[in-house]
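Here is how the chains run, residue by residue.
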Amino acid sequence: EYKVLARATVKDADARKEIAAAVEKGVAEGGPIAKCFEPRHALHVVYKDKTYDFLICYQCSQIQVFTGTAEAETVATSGASKATLDKALKNADAAK
């Protein structure tokens, strides 16, 4: 239901590891969650035949995680992964 403004496929294994580590760090640092939820970043991950979608709102410090079920799990996050995700998108644009 959210408009996609840009997308990138990250094929480089090191870049994918960097993104995963940054998101994990954000979740580890997560604090109080506000209620606005206006995601500006998302990750679509396929791992071992399972699909995971992460919608991230840095304004309210939350990630909604979808794993194919109707209900999303909400986790707190910090802004730790924002720069890494921005960089991945910028690098993908530069590679076009």
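Report on the accompanying structure.

Analysis parameters
- Residues numbered from 1 in each chain as written.
- Predicted model: local features only at pLDDT ≥ 70, side-chain atom pairs only at ≥ 80, totals over all residues.
- Heavy atoms only, no water.
- Helix = DSSP H or I, 4+ residues; strand = E, 2+ residues; numbered from the N terminus.
- Contact = heavy atoms within 4.5 Å.
- Polar contact = N/O pair within 3.5 Å; in protein donor to acceptor, adjacent residues only side chain to side chain.
- Phe/Tyr/Trp six-rings, centres within 6.5 Å; stacked < 30°, edge-to-face > 60°.
- Buried < 20%, exposed > 50% of the residue type's maximum accessible area, 1.4 Å probe, protein only.

**A short note on the environment of E18**
Piece 1. Its place among the elements puts E18 in helix α1 (residues 13-29).
Piece 2. The spacing of E18 and T77 is 59 residues in sequence and 16 Å in space, taken between C-alpha atoms.
Piece 3. Other than its neighbours up to four places away in sequence, E18 contacts T84 and K87.
Piece 4. Among the polar contacts made by the side chain of E18, one reaches the side chain of K87 at a distance of 3.2 Å.

**Concerning the packing of aromatic side chains**
Piece 1. Scanning all chains against the criterion turns up one aromatic pair.
Piece 2. Measuring from centroid to centroid gives 6.0 Å for Y2 and F37, while their planes differ by 75°, and the two rings are edge-to-face. Highlighted residues: Y2 in the segment before α1 and F37 in the loop between α1 and β1 (41-47), separated in sequence by 35 residues.
Piece 3. Classification of Y2 as partly exposed rests on a relative accessible area of 38%.
Piece 4. By relative accessible area, F37 is classed as buried at 10%.

**Things to note about unusual backbone geometry**
Piece 1. Phi at D49 is positive, roughly 65°, even though this residue is not glycine.
Piece 2. For D49, the position within the fold is in the loop between β1 and β2 (50-57).
Piece 3. Despite not being glycine, S61 has its phi angle at roughly 60°, a positive value.
Piece 4. Within the secondary structure, S61 sits in the loop between β2 and β3 (62-66).

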